[in-house]
Structures are given as C-alpha cells and as structure tokens.
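# Structure assessment
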Amino acid sequence: MAGTTTERMHITRIARRAFLQSVATTLPLARAGNGGFIPSVMHTDDVANGQRPGELIVRKSAPQNLEMPFAALASFQTPNEMFYIRNHFDVPQVPLAAWRLKIEGAVERPLTLMYDDLVQLPARRQVALLECAGNGRASLQPRAKGVQWELGAVGNAEWTGVPLGAVLEKAGIRAAAVEIILEGADAGTIAEEPRSPGMIHFARSLPLAKARQPEVLLAYRMNGKELPPAHGFPLRAVVPGWYGMASVKWLTRVIVTARPFQGYFQSLDYTYFEPLHGLPTLVPLTEIAVKAQMARPAPQEVIPVNQPYRIHGAAWSGEAGVAKVQISVDGGKSWSEATLSGETIPFSWRFWEFAWRPAKPGTYTLLARAQDTTGRVQPQKRDPNRRNYMINHLVPVAVNVR
Ligand SMILES: Nc1nc2c(c(=O)[nH]1)N[C@H]1C(S)=C(S)[C@@H](COP(=O)(O)O)O[C@H]1N2
Ligand SMILES: [Mo]
C-alpha cells in the first residue's frame with residue numbers, strides 16, 4: 001500500500017511540536033489549542049461502579065480505544081473530552097499545510113481541496129449520535145472477539161461541516177457510480193486472522209443514496225470546537241443514523257466507484273449475516289439498531305430501601321425517532337412506561353427517566369426497552385446472525401436494595 005501513494009497527498013509523521021507549529025502557522029484557530037486535546041483516562045479497575053465521572057475508561061491503549069463511563073451520562077451533547085474513541089490504527093499526525101482531500105473515481109471533474117477551501121463552502125450544523133457497532137460487547141456470552149466495550153462506546157455531538165452531497169455535486173457524479181468510498185489517512189497491518197494484505201488504510205463505503213442525504217457531513221468541528229485529533233482532525237465523515245464505522249476519520253480521499261466496495265472493514269470486519277432467501281449472507285453493517293441504555297442504576301449498585309430513586313438513561317434508533325421506553329423492575333414480568341424528556345431531535349438520543357421507590361430489600365433485576373417510531377423493538381435474545389456487532393438485545397441490570 002505504501003508504494004501506491006505517489007499520487008496521493010503525503011502525510012508525514014512528524015514530531016508533535018513540529019505538527020503544532022505547522023498547524024499554527026496555517027490555521028489561526030489552532031492556536032486556541034487544537035493539539036491540546038489529551039483525553040484524561042482511568043483504568044478499568046478504577047470504575048467498578050462507574051463512580052468516577054469525568055474520565056474515559058481505557059479498553060485498549062495502543063491504538064487508543066476509550067469509552068465513556070455511561071453511568072456519568074448527564075448532558076445531551078457529550079463533551080468532546082468524554083466522547084468515546086475507537087481507533088484501529090495510531091492517530092495519524094496530519095500537518096494541515098500538506099493535507100488535501102481528493103475526490104476522484106467516477107466523477108466528471110476530480111477535485112483536490114485544501115482545508116481553507118472546505119471551510120469556505122456553505123456549512124451545516126447537525127447533531128448526531130455515534131455508536132460503535134460493538135458497543136455492549138462485554139455483555140455477550142460466550143465472550144465475543146473485539147474490544148470489550150461496556151455501555152460507553154456511544155456519544156451525541158453537534159458536528160459542523162460541508163454536506164458530502166455538495167462536494168460530490170461539485171465533482172459531478174457519473175452515471176455508472178454506485179457507491180462512495182471514504183478513506184482515512186490512518187494505516188497499519190492487522191496481524192490476527194483474517195490478516196490484512198500488508199498495510200491498509202481504514203476505509204468504508206456508502207451507497208449513493210445515503211451519501212447524498214443532507215445530514216451526511218464532512219465535518220471539521222465538534223460541539224463548536226475544532227475537531228480534536230483523536231476524532232479525525234482535520235476532517236471526518238459523519239454519517240448520522242449509521243454505526244460509527246461509517247464515519248471515517250482523518251479523511252483524505254473520497255472515491256466514487258462503479259462497483260460495490262469490498263475492502264477489509266467493509267467485507268471482513270463490520271459485517272453481519274442477513275438471511276436472504278433463507279441463506280445467511282454477509283452484508284455490511286449500516287443503520288444503528290433501536291436501543292435503550294440505563295445509566296443509573298449501574299450494575300450491582302446499592303440502592304436505599306423505601307427512598308425515591310431516579311432510574312434514567314438514553315435511547316436511540318438510527319434513522320428513526322424513539323417512540324417509547326419501558327422499564328421493568330421485576331426481571332421482565334411487568335413493564336411501566338418511562339418519561340421521555342424534551343422532543344425528538346433527528347439522529348440523536350433521547351433521555352428517559354422513571355421514578356422508582358423499592359419497598360422491600362433484596363436483589364432486583366431491572367430492564368429498559370425501547371420502541372422506535374417505525375415500530376421496531378429490541379429483541380429479547382441475542383441473534384447469532386449479528387456475530388459480534390449490533391448488540392441491542394435486552395440486558396438485565398441487577399441491583400441490591402438495602
Ligand atoms: N480513519 C478511521 N476512521 C474511523 C475509525 C478508524 O479506526 N479510522 N474507526 C471507526 C469506528 S469503528 C467508529 S465507532 C468511529 C468512532 O469515532 P470516534 O473515535 O470519534 O468516537 O470512527 C470510525 N471511523
Ligand atoms: Mo466502531
């Protein structure tokens with residue numbers, strides 16, 4: 001792969017100071033602290049009950065994979081420092097002066113854009129939730145392969161950028177086009193099976209129909225601040241409603257292609273079995289499945305008897321809204337409706353809460369389940385067709401009332 005990059009922009013790994021200097025000289029904004037984003041971290045053992053809010057939990061340190069302690073859920077927009085980080089390779093250090101975005105393939109006019117070109121195009125702000133397709137994996141039995149995420153590989157942020165569709169229109173999509181491939185500057189080799197063919201870049205594709213939706217952005221700001229390095233500086237895709245793998249970070253190439261893309265992260269990773277004519281068929285993951293997650297109580301939390309307790313959390317469903325959330329405090333025998341707060345904001349989560357007052361001491365099994373505006377509900381049981389992804393079956397939360 002490294003040998004085929006001649007016509008591509010060159011990204012050099014340079015010392016952090018040099019990187020900051022080069023950014024600072026090309027971009028006044030950077031002086032406000034672009035490179036200053038260093039997530040504060042804690043180790044898994046410190047968070048038995050998720051009781052140290054304000055720090056991300058390390059699930060893997062090289063490359064860095066961090067999750068939010070979901071018990072600390074408090075704000076509708078997840079602060080940048082609390083937003084989970086899912087990296088397959090090391091964060092590429094991209095000097096802005098050398099950075100380019102290429103739009104190529106089945107287009108009338110191939111384009112090469114610089115950062116300043118992009119930020120001058122009409123911008124759109126879009127709130128959208130990102131959830132990793134492996135979020136909740138730690139609850140799977142038997143243990144599934146991959147990063148052992150608990151509940152925190154999810155976040156909701158406001159993104160600012162240029163609609164991908166607008167850039168594609170500038171380049172002119174040819175009639176033969178079927179998909180848009182998004183390629184990141186990060187690259188590496190995957191040593192475990194299935195192995196990668198040497199060095200590969202992170203890349204995913206979108207069907208044309210989704211790529212043209214107005215909510216799909218090439219984003220350069222996150223919650224009003226410059227996109228942090230770990231989240232894709234200088235530019236990332238944000239594909240609202242779809243699992244996180246579609247939102248390619250450190251974007252350097254947009255390739256319009258006349259055949260479906262079959263790259264590593266498209267065909268081997270991030271796929272599930274969809275039954276087609278009765279045959280389980282591997283297809284790429286797309287839309288986020290409906291789900292309610294409980295922030296508090298956290299598993300094994302101790303709750304005082306006969307006191308009011310606020311059960312609360314968030315619910316979401318890819319491209320649809322949340323219609324209702326129900327709570328059970330008796331292991332699923334009976335259900336009551338939770339209160340949804342605020343109004344539906346497209347592609348975002350919705351907070352919910354339920355007032356509980358446990359009358360007797362003992363162990364209780366709590367469950368939350370969501371239904372979306374298209375009628376979809378969370379499954380009771382894990383579907384093996386989903387492999388190690390798309391984890392939205394009901395997971396009980398056991399608590400102790402004393
Ligand atoms: N270039 C690149 N883009 C990427 C990834 C990556 O490793 N490299 N990880 C993807 C996955 S699997 C997820 S869940 C989201 C996570 O985005 P975040 O780290 O900003 O939360 O980024 C996606 N985009
Ligand atoms: Mo992910």
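Please refer to the structure higher up on the page.
Throughout what follows, the structure given in this document is the object of discussion. Note that the coordinates shown come from a computational prediction; the quantities given were computed from them, not determined experimentally.

Rules and cut-offs
- Residues numbered from 1 in each chain as written.
- Chains lettered and ligands numbered in written order.
- Predicted model: local features only at pLDDT ≥ 70, side-chain atom pairs only at ≥ 80, totals over all residues.
- Heavy atoms only, no water.
- Near = heavy atom within 4 Å.
- Polar contact = N/O pair within 3.5 Å; in protein donor to acceptor, adjacent residues only side chain to side chain.
- Areas by Shrake-Rupley, 256 points an atom, 1.4 Å probe, with all protein chains shown as cover.
- Helix = DSSP H or I, 4+ residues; strand = E, 2+ residues; numbered from the N terminus.
- Nonpolar A, V, L, I, M, F, W, Y, C, P; charged D, E, K, R; others polar.
- Pairing = 2+ DSSP bridges.
- Core = buried A, V, L, I, M, F, W, Y, C linked by side-chain atoms within 4.5 Å.
- Buried < 20%, exposed > 50% of the residue type's maximum accessible area, 1.4 Å probe, protein only.
- Contact = heavy atoms within 4.5 Å.
- Lys, Arg positive; Asp, Glu negative; His and termini not counted.
- Salt bridge = Lys/Arg side-chain N within 4 Å of Asp/Glu carboxyl O.
- Axes fitted to C-alpha atoms, helices over the stretch in contact; angles between N-to-C directions.

### Observations regarding the site of ligand 1
In the vicinity of ligand 1, 19 residues are found, and the nearest of them are Tyr84, Asp186, His231, Arg236 and Lys249. Histidine 231 places a polar side-chain atom, nitrogen or oxygen, 2.6 Å from an oxygen atom of ligand 1. Taking arginine 236, its side chain carries an N or O atom lying 2.7 Å from an oxygen atom of ligand 1. Protein coverage of the free-state accessible area of ligand 1, which is 530 Å², stands at 100%. Of all the elements in the fold, those that place two or more residues in the shell around ligand 1 are strand S4 (85-86) and strand S9 (179-188). Among the residues making up the shell around ligand 1, the classes are represented as nine nonpolar, six polar and four charged.

### A look at the sheet that holds strand S21 (residues 336-337)
Reading across from one edge, S18-S25-S24-S20-S21 is the order of the five strands in this open sheet, with mixed pairing throughout. Edge positions in the sheet fall to strand S18 (302-303) and S21, since each has one partner strand and no second. Note that strand S20 (residues 322-328) and S21 share two bridges and pair antiparallel. In the sheet register, glutamine 326 faces S21, and the bridge partner there is glutamate 337.

### Things to note about the nonpolar core
Counting residues in each nonpolar core, the largest one holds 71 residues, and the members touching the most others are Leu101 and Leu164. Ignoring sequence-local partners within four residues, the contact set of leucine 164 consists of Ile180, Leu182, Leu206, Ala211, Val216, Leu217, Leu218 and Val254. Core analysis: the next-biggest nonpolar cluster, separate from the first, contains 21 residues, Ile303, Tyr309, Ile311 and Ala338 among them.

### Considering the side chain of arginine 350
Relative to the helices and strands, arginine 350 resides in strand S23 (residues 350-356). For the buried arginine 350, no salt bridge is present, and the opposite-charge side chain at shortest range is glutamate 343, 7.9 Å distant. At a separation of 2.7 Å, a polar atom in the side chain of arginine 350 contacts the main-chain carbonyl oxygen of glycine 342. Of note is the side chain of arginine 350, whose polar atom sits 3.3 Å from the side chain of threonine 344.

### With respect to the sheet that holds strand S5 (residues 101-105)
The strand order S6-S5-S14-S9-S10 describes an open sheet built from five strands, whose pairing is mixed. Of all the strands in the sheet, the pair left with one neighbour each is strand S6 (111-113) and strand S10 (200-207). Within the sheet, the average angular offset between the axes of one strand and its neighbour, ignoring direction, is 20°. Bridging between S5 and S6 involves three bridges; their strand directions are antiparallel. Its bridge partner lying in S6, lysine 102 is registered against threonine 112. In this fold helix H3 (residues 164-171) packs onto S5, S6, S9, S10 and strand S14 (251-257), with an angle of close to 135° to the strand it touches most, S6.

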